[in-house]
Amino acid sequence: MSKKINPYVLMVLPAFIIFFSFHTYPMLQGVFYSFTNWRGYGDWDFVGFSNYISVFQDGRARDAYFFTFQFAIISTILVNIISLIIALGLNAKIKFMKTLRAVYFMPNILSILIVGFIFNYIFAIFVPLIAESLGLTTLATNILGNPDLAWIGIVIVAVWQAAAFNTILYLAGLATISQDLYEASSLDGANKWQEFWKITFPLIAPFFTINMVLAMKNFLMVFDHIMALTGGGPGRATESISLLIYRGGFQGGEFAYQSANAVIYFIIIVTISVIQIRYLQKREVDM
Amino acid sequence: MRNNKHNWTITLLLILGSVVILFPLYLTVVNAFKTPQETAESILALPSSFRFDNFIQAIEMTNFFNAFGNSFYITVLTVVFTLLTNSMVAYAIARNLHKRSFKILFYYFVSAMFVPFPIIMLPLVKQMSGLGLMNPTGLVMLYIVYGLAFNVFLYVGYIKSIPKELEEAAIVDGCSRWGVFWRIIFPLLAPMNATVGILTALWAWNDFLLPLVILSDRSDMTLPLVQFVFQSQFSTNYNLAFASYLMALLPMIIVYVIAQRWIISGVTKGAIK
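It should be emphasised that the depicted structure is a prediction, and the values quoted were computed from it without experimental measurement. (Residues numbered from 1 in each chain as written. Chains lettered and ligands numbered in written order. Predicted model: local features only at pLDDT ≥ 70, side-chain atom pairs only at ≥ 80, totals over all residues. Heavy atoms only, no water.)

So, on to the overall build of chain B. Along its length, chain B carries 13 helices and zero strands. N-terminal to C-terminal, the α/β element order of chain B is α-α-α-α-α-α-α-α-α-α-α-α-α. Relative to the compact-globule value of 19 Å for 273 residues, chain B shows a C-alpha radius of gyration of 23 Å, a clear excess of over 25%. Projected onto the principal axes, the alpha-carbon positions of chain B cover approximately 75 × 70 × 35 Å. (Helix = DSSP H or I, 4+ residues; strand = E, 2+ residues; numbered from the N terminus. Rg over C-alpha atoms; globule rule 2.2 N^0.38 Å.)

Okay, here's the thing in structure tokens:
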């Protein structure tokens, strides 16, 4: 018995080695290259923190961060409000419950890239056409072609798609609440509004935390939506951080520089997630 | 006390709301069958006849069946190997969480959930091309490895709720630890396997960024990638584009219509853990 290798170790060892080789090792390499001036090919030297300093001074990077944050915060809030409302509706005593749930969950199974292409057509052709026939001049042009409005189009598509998954999470949360609580509160004369804020919302608080953290994290990594809708344009108005790293790293010969950008991006995502979890979980306990 | 009457106001509001979801799909379906002239007359109208010219042309231009085959191959292999390997890793971790080394391993895997892909993307592509893995095989391997973080998290939570007594009895009867896993635990994991399988399939089928950076050969392209290349080259004929999008979305929609109850409950189970 003592000479045999523990089977548990054999079960995890290959996974550990492969995971390290294809996840942790490239990550460490990325951190390493961020301190060099490597372009992805040829010779390189150590340059210390100069890539990091450059990122902070780079207007293009600043714009990408600003766009990504604006997009992620607004989309996170909208997705959570909308999916909570839909979940409350789907949780009520409604007719066609199964069919409606199936319809509302459908966007989650569709490729964001292709959905983006379809919405691209809606924004470019359909909406202007309808707006023109109704005499609404502000909407008569493609919003994706307007540097000030293009982000709204991306928010719409992102919310359309992501609300499906968040609705499912909220529904799962609502299913855990005992019906007795509502019966008791209605005996006490609570109205629907009080019922929601005093019972429903506190009890699904853990699901609110999960939804906020997941939605924020996913939206900070936005990529497919932008490729399908604007390609980062017009100009660079909708260039997200992941798009910038992809473009600069693979096409712009900025391997080391974008590695530094990626490290900063990583630190920001982890920090935001930790702060969100801490803050929202504290609220859960308080209530 | 209970009233079993349906709330028609909410039902009606939800039906109205579902238009927002179904409308883009309606637009796609009707315009996939129309000619540009018909669309110019009315975007919303039903097509005058069911002609499949757009579909035939889109199939040729995107090499649809090749891309479909690639997506199918990648998704099936990813799901099968993810279920077989990730559950085993999670089992070993779940049964040894009292040991420090396994606990560290658990947090090591799970913390990878918060690593954004762009930070590994650039070095990874260098590494994969050095190893000659810029192909579907390499892609499948990456899906299995990158899914580990979230899947281990799901599986460990579930395995902890399975009583150990069953396993101890089997060991006493002379079953090995491997035998215990394959004969007792793996079948008991069925609900979690369904959840992980569904989430993994959705991910592998719809993913765009990873195939974009990993697949180098045009003949290896998956369905989303083909749409991307097609869109940037032939964006003028929208009817053709819609036929192409519809064909790319249709396999998933058909699977969903058949198995939606199962898919929704699978995803919900993943959410509660």
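More follows now that the structure is in view.
In terms of helices and strands, chain A carries 12 helices and zero strands. Shown N-terminal to C-terminal, the secondary structure of chain A runs as helices and strands in the order α-α-α-α-α-α-α-α-α-α-α-α. Taking 287 residues into account, the globule formula puts the C-alpha radius of gyration at 19 Å, and chain A, at 24 Å, lies well above it. By principal-axis analysis of the C-alpha atoms, chain A measures approximately 80 × 75 × 35 Å. In chain A, the proportion of contacts linking residues at least 24 apart, taken out of those at least 6 apart, comes to 70%. (Contact = heavy atoms within 4.5 Å.)

We now examine the interface of chain B and chain A. Residue-level contacts link 91 residues of chain B with 84 residues of chain A. Both faces considered, chain B and chain A share a buried interface measuring about 8,000 Å² in area, 81% of it formed by carbon and sulfur atoms. One can count 14 residue pairs in polar contact (both at pLDDT 80 or more) joining chain B with chain A. Of the residues belonging to the side of chain B that touches chain A, the class tally is 68 nonpolar, 16 polar and seven charged. (Buried area = accessible area lost by both parts, 1.4 Å probe. Polar contact = N/O pair within 3.5 Å; in protein donor to acceptor, adjacent residues only side chain to side chain. Nonpolar A, V, L, I, M, F, W, Y, C, P; charged D, E, K, R; others polar.)

A cluster of nonpolar side chains, Leu13, Phe16, Ile17, Ile18, Phe20, Tyr25 and Leu28 of chain A, forms an exposed patch at the surface whose accessible area comes to about 590 Å². A residue is classified by how much of its surface remains accessible, and Tyr25 of chain A, at 39% relative accessible area, is partly exposed. (Patch = residues over 30% accessible without salt bridge, like charges linked within 9 Å, V, L, I, M, F, W, Y side chains within 5 Å. Areas by Shrake-Rupley, 256 points an atom, 1.4 Å probe, with all protein chains shown as cover. Salt bridge = Lys/Arg side-chain N within 4 Å of Asp/Glu carboxyl O. Buried < 20%, exposed > 50% of the residue type's maximum accessible area, 1.4 Å probe, protein only.)

All right, on to the side chain of Ser240 of chain A then. Residue and element names in this part refer to chain A. With respect to the helices and strands, Ser240 occurs in the loop between α10 (224–229) and α11 (241–251). Residue Ser240 is classed as buried on the basis of its relative accessible area of 0%. Here Val222 takes part through its backbone oxygen, which lies 2.9 Å from a polar atom of the side chain of Ser240. Among all residues touching Ser240, those that are not within four sequence positions of it are Ala64, Phe67, Thr68, Val222 and Ile226.

At Ile122 of chain A, helix α5 (residues 112–134) of chain A shows its maximal bend, which comes to roughly 35°. Once α5 of chain A finishes, Gly135 of chain A follows within two positions and takes phi at roughly 80°, a positive value. (Bend = angle between axes of the 7 residues up to and from the residue.)

Turning next to the environment of Leu189 of chain B. Relative to the helices and strands, Leu189 of chain B resides in the loop between α9 (177–188) and α10 (190–206). Here the alpha-carbon distance between Leu189 of chain B and Val29 of chain B, two residues 160 residues apart in the chain, equals 39 Å.

With that out of the way, let us pick up the packing of helix α4 (residues 64–94) of chain B against helix α5 (residues 100–111) of chain B. Residues and elements named next belong to chain B. In the contact formed by α4 and α5, the axes pass within 9 Å of each other and the chain directions differ by 140°. Classified by the angle between their axes, α4 and α5 sit oblique to one another. Residues Val89, Ala92 and Ile93 of α4 touch α5, and the partners they reach there are Phe102, Leu105, Phe106 and Phe109. In the contact of α4 with α5, the residues fall into seven nonpolar, no polar and no charged. (Axes fitted to C-alpha atoms, helices over the stretch in contact; angles between N-to-C directions. Parallel < 35°, antiparallel > 145°, perpendicular 65-115°, else oblique.)

Examined against the element boundaries, Leu16 of chain B turns out to sit in helix α1 (residues 8–32). C-alpha separation for the pair Leu16 of chain B and Val196 of chain B, spaced 180 residues apart in sequence, amounts to 33 Å.

When pLDDT is averaged along chain A, the result is 87, and 98% of the positions lie at 70 or above. No element of chain A has a lower mean pLDDT than helix α7 (residues 179–187) of chain A, at 81, and none a higher one than helix α3 (residues 59–91) of chain A, at 93. (pLDDT = per-residue confidence, 0-100.)

Under the 1.5 Å per step criterion, the end-to-end length of helix α6 (residues 150–174) of chain A is 35 Å for 25 residues, consistent within 8% with the ideal 36 Å. Along α6 of chain A, the largest kink reaches about 35° and is centred on Ala163 of chain A. (Expected span 1.5 Å × (residues − 1).)

What follows covers the pattern of salt bridges. All names here are of chain A. Scanning all chains against the criterion turns up five salt bridges over all chains. Between Arg60 and Glu239 there is a salt bridge whose closest N-O contact spans 2.9 Å. Of this pair, Arg60 sits in helix α3 while Glu239 sits in the loop between α10 and α11, and the two are 179 residues apart along the sequence. The buried category is assigned to Glu239, whose relative accessible area is 2%.

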